[in-house]
Every structure is written in C-alpha cells, then in structure tokens.
Amino acid sequence: MAVRLIASDMDDTLLNSETKISERNAAAIHRAIDKGIIFLIATGRMYVSVKPYADALGLDVPLVTYNGALVKGSRSGKVYYEHPLKLATALELLAYCKEKGYYIQSYQGDALWVKEETVFSRRYTEISGIPATPVGEQLYHPQSAPYKLLAMTQPDEFETVWKDIQQQFEGKVAVTSSRDNFLELMEPGVNKWNAVRAVAESYGIRPEEVMCIGDSNNDLSMIQNAGIGVAVANAKPAVQTAAKIVTASNDDDGVAQVIERVLAGAL
C-alpha cells in the first residue's frame, strides 16, 4: 500500500535538540511533497508556535495542534476541526490544581495563560518560543473554553500527579504526556490520530495509506492506528514497541531517513 500522507510530531521528532528542522529533513519533506505526498505536522504545540515551521517548509495544509484539539490551515487560517475542553471541566480542573498546588497553564485561543512567571513557564517559553501571559487569579476563572490545559511537575512527582488527575477526572478528561514532566489535559476523544484521520479523510486518503512518526505518549494514538507507525530512536520504549518501524533519532535525521525509504519504495 502506497503512503499518501505523512504526519510527524515536532518536538524530539522532526525537530533536533536545537529545536530546528535539519536540512536533510527539510529536503526529504520537499521531495515527498513533489511526489504528491501530503505532509502534516501533528503536535501538542499551539498553532502560533507551529506556523513559523510550517511556513519555513512551505506547507499549505491543515496543521494538527494542541494534540488534535484544533486543526487549522497553515496558510488559509481556516479552522477545519475544533474540540476544546468543556468550560465546566476546565474550571473544575483549574480549581483542583490550585487546591493541590499543581502548576497549570491554560491555552486560551492562541494565548498562553499562566498565573505568574515561574521556572516552569520560562522553560516552556524556551521550548516553544511563545511568551506566557501572567494573568494572576484570572487563570482559574476563564470565560471561554481552553483548547487544553498543561500541568508541569518535577520529574519525581510526575507519575503521582498523572495518576491523581486521571483518577479524579476519569471520563471527563483525556490525559497524556508530551515530555517527561508535561501532562497534557484535553477533552475526551481528542488525540492526534483522530485529527490526522479527519484530515486524511478530507483528502480521500485511507488510514492504511497514512504514515505517522513520533516519540512520546501523545503520539501513541497515531502510531498505533496509522498504516505505518514510526518511532524515532529516542522515543519512549512504549512508543518504540507500538511502532512498526524504528528510524534514527531526531538528531540523526530520523524523519528524513524513513521518508527516503518511502520514496525509494523500500516500505
């Protein structure tokens, strides 16, 4: 079965450790596009954080952002799919995190809300390039539904906080992680695969004609369900186990290497 659409995660997958797209990755993507293959970015990042990379690649496609809560055209700005957290759920989550003393940030449209600047908010800004907006107590009282919430912890507290929130909000919130201490909280049913599949269907492409590439827990849905699920070599063990192919790491042009195999008819 020919690959007609490739969806790649960004951080620690398409981007190297310097958060850049390597020349080899960019060249392979352009060759795939020239061959008629659609290339998507599927990320937990905000749309505004993804668009500069899409523009640099010359992409004119829907971008899967906020782990699938928003699919929006890279050039047109057209919203194809939007599924934010229910406002009531977000308010409950925010109040719970405040009570427990958990760091939480909220994605209001394309603005990143934090209570105040902390080591966590500064670290996120370093990674994403998006400055946080300190809003004080307003963080806990949004008037509109956020696309997602993100809790951050110290590494040794991460599993405990994950289990706590998952148990407290079972059935109300989809919980996953994008980094070792990034806990992603979305509306149930929101994940990268559901968004990628919706985009593929809009092009008349079947799931078995889709390749998805990633490294972390929030990539599992698309790696498990795509026709070809690919893990980079630096991916979490569970992601590598779920993948049909393990390519080179993000610092060794893993995305390019697997795309080159597709173009060579080696898959």
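Remember, predicted model here, so these are calculated numbers, not experimental data. (Residues numbered from 1 in each chain as written. Predicted model: local features only at pLDDT ≥ 70, side-chain atom pairs only at ≥ 80, totals over all residues. Heavy atoms only, no water.)

Caption draft 1: The arrangement of the environment of Arg261 in detail. Within the element layout of this structure, Arg261 appears in helix H10 (residues 254-263). Of the residues examined, Arg261 reaches a relative accessible area of 36% and is grouped as partly exposed. What Arg261 contacts, discounting residues up to four positions off in sequence, is Ile245, Ala266 and Leu267. (Helix = DSSP H or I, 4+ residues; strand = E, 2+ residues; numbered from the N terminus. Buried < 20%, exposed > 50% of the residue type's maximum accessible area, 1.4 Å probe, protein only. Contact = heavy atoms within 4.5 Å.)

Caption draft 2: Representation of H10 in the model. Along H10, the residues classified as buried are Gly254, Val255, Ala256, Val258, Ile259 and Val262. Gly265 sits one or two positions beyond H10 and adopts a positive phi of about 70 degrees.

Caption draft 3: Looking closely at the packing of aromatic side chains. Applying the stated rule across the entire model yields 7 aromatic pairs. For the pair Tyr103 and Phe120, a centre-to-centre distance of 5.3 Å together with 55 degrees between the ring planes defines the contact as tilted. Linking Tyr103 in strand S6 (residues 103-108) with Phe120 in helix H5 (residues 119-128), this pair joins segments that are 17 residues apart in sequence. Consider the rings of Tyr107 and Tyr124, whose centres lie 6.1 Å apart with planes at 70 degrees: the pair is edge-to-face. In this pair, Tyr107 sits in strand S6 while Tyr124 sits in helix H5, placing the two residues 17 residues apart along the sequence. A single burial state applies to Tyr107 and to Tyr124, both of which are buried. Ring pairs connect the aromatic residues Tyr66, Tyr107, Tyr124, Tyr147 and Phe182, which therefore count as one cluster. Across the ring face of Tyr47, the terminal group of Lys72 is positioned such that the distance to the ring centre comes to 4.5 Å. When the ring centre of Tyr107 is taken as origin, the NZ or CZ atom of Lys148, which lies over that ring, is 4.9 Å away. (Phe/Tyr/Trp six-rings, centres within 6.5 Å; stacked < 30°, edge-to-face > 60°. Lys NZ or Arg CZ within 6 Å of the ring centre and 35° of its normal.)

Caption draft 4: Structural view of the sheet that holds strand S10 (residues 174-179). Read across the open sheet, the 6 strands follow the order S8-S7-S6-S9-S11-S10; overall the sheet is mixed. Taken across any chain shown, the strands that pair with only one partner, and hence form the sheet edges, are strand S8 (133-134) and S10. Across 4 bridges, the pairing between strand S9 (residues 149-152) and strand S11 (residues 182-186) is antiparallel. Of the residues in S11, the one forming a bridge with Met152 is Phe182. Its contacts with the sheet put H5 on S6, strand S7 (111-114), S9, S10 and S11, and the angle it makes with S6 is roughly 45 degrees. (Pairing = 2+ DSSP bridges. Axes fitted to C-alpha atoms, helices over the stretch in contact; angles between N-to-C directions.)

Caption draft 5: Structural view of the environment of Tyr53. Tracing the chain through its elements places Tyr53 in helix H3 (residues 47-57). With 155 residues separating them in the primary sequence, Tyr53 and Glu208 have C-alpha atoms 27 Å apart. Those residues in contact with Tyr53, other than ones at most four positions away along the chain, are Met10, Leu15, Thr19, Ile21 and Arg45.

Caption draft 6: Inspection of empty space enclosed by the protein at higher detail. Tallying each qualifying case throughout the model produces 1 cavity of 30 Å³ or more. The volume enclosed by the largest cavity comes to roughly 160 Å³. Around the largest cavity sit 18 residues that line it, and Asp11, Gly44, Arg45, Ser178 and Glu184 are the ones nearest its centre. Elements that contribute at least two residues to the lining of the largest cavity include exactly H5, S10 and S11. (1 Å grid on protein atoms, 1.4 Å probe; cavity = no way out; pocket = protein on both sides within 12 Å on 5 of 7 lines; lining within 4 Å. Points joined across faces, edges and corners; volume = space filled by probe spheres on them.)

Caption draft 7: Molecular detail of the pattern of salt bridges. Per the stated rule, a full pass over the model turns up 17 salt bridges. One salt bridge connects Glu209 with Arg4, and the closest N-O pair in it is separated by 3.3 Å. Residue Glu209 is located in the loop between helix H7 (192-202) and strand S12 (210-214), and its partner Arg4 is located in the segment before strand S1 (5-8); the two are separated by 205 residues in the primary sequence. For Lys51, the salt bridge is made with Asp55, and the minimal N-O distance between the two is 2.9 Å. Taken as a pair, Lys51 and Asp55 lie in helix H3 at a separation of 4 residues, close to a single helical turn. Overlapping salt bridges bring together Arg4, Arg206, Glu208 and Glu209 as one network. (Salt bridge = Lys/Arg side-chain N within 4 Å of Asp/Glu carboxyl O.)

Caption draft 8: Spatial organisation of the pairing of strand S4 (residues 70-73). Burial along S4 is two-sided: Leu70 and Lys72 and Val71 and Gly73, pointing in opposite directions, are all buried. Connecting strand S3 (residues 62-65) to the next strand, S4, in antiparallel fashion are 4 residues, including Tyr66 with a positive phi near 50 degrees. Direction of pairing for S4 relative to strand S5 (residues 79-82): antiparallel, over a ladder of 3 bridges. Note on S5: the bridge partner recorded for Lys72 is Val79. Hairpin connection, S4 to S5: the antiparallel pair is bridged by 5 residues, and Gly77 has positive phi, about 75 degrees.

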